[in-house]
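In case you want the letters, here they are:
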Amino acid sequence: MLENLRGMLVDVFKLRREGAAYARLARAHGYVDGYMRVLLESGAATRKELLDVVAGERNRADGPATAEVRSEEVAA
């Protein structure tokens, strides 16, 4: 199932790079969002697993992030 998600993400990132029409890109995003929701709600995948898949595919499609940002807790 995660391989299916990877394929869907590859398509979304490809459409975005190619400058696809908004409606087509929004529809592809909707399919990915719905698929991820089913995976979460059915217990087939955890939130961390899904985030790792999305981050990996985004990194493959767009390259690494320009900077790593770390948040530090502020004691109140």
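Everything discussed here concerns the structure shown above.
Just so we're clear, the structure is a prediction, and the values are computed from it rather than from any experiment.

A short note on the packing of helix α2 (residues 22-42) against helix α3 (residues 47-62)
So, step 1. Running from N to C, α2 and α3 cross one another at 150°; their axes reach a closest spacing of 10 Å. It follows from the interaxial angle that α2 and α3 lie roughly antiparallel. α3 is crossed by α2, and the crossing has right-handed handedness. The residues of α3 that touch α2, namely those facing M36, L39 and L40, are R47, L50 and V54.
So, step 2. Residue classes in the contact of α2 with α3 are distributed as 5 nonpolar, no polar and 1 charged.

Brief notes about the side chain of E57
So, step 1. Turning to its location among the elements, E57 is positioned in helix α3.
So, step 2. Within polar-contact distance, the side chain of E57 engages the side chain of R60 at 2.8 Å.
So, step 3. Leave out the neighbours within four places in its chain, and E57 touches R6, L9, V10 and F13.

Remarks on the nonpolar core
So, step 1. Of all hydrophobic cores here, the largest spans 14 residues; its most connected members are L5, L9, V12, V32, M36, L39 and L50.
So, step 2. Elements that contribute at least two residues to this core include exactly α1 (2-18), α2 and α3.
So, step 3. Each residue touching V32, except ones within four places of it in the same chain, is listed here: L5, M8, L9 and V12.

What counts, and at which threshold
- Residues numbered from 1 in each chain as written.
- Predicted model: local features only at pLDDT ≥ 70, side-chain atom pairs only at ≥ 80, totals over all residues.
- Heavy atoms only, no water.
- Axes fitted to C-alpha atoms, helices over the stretch in contact; angles between N-to-C directions.
- Helix = DSSP H or I, 4+ residues; strand = E, 2+ residues; numbered from the N terminus.
- Parallel < 35°, antiparallel > 145°, perpendicular 65-115°, else oblique.
- Left-handed = near helix turned anticlockwise from the far one by under 90°.
- Contact = heavy atoms within 4.5 Å.
- Nonpolar A, V, L, I, M, F, W, Y, C, P; charged D, E, K, R; others polar.
- Polar contact = N/O pair within 3.5 Å; in protein donor to acceptor, adjacent residues only side chain to side chain.
- Core = buried A, V, L, I, M, F, W, Y, C linked by side-chain atoms within 4.5 Å.
- Buried < 20%, exposed > 50% of the residue type's maximum accessible area, 1.4 Å probe, protein only.

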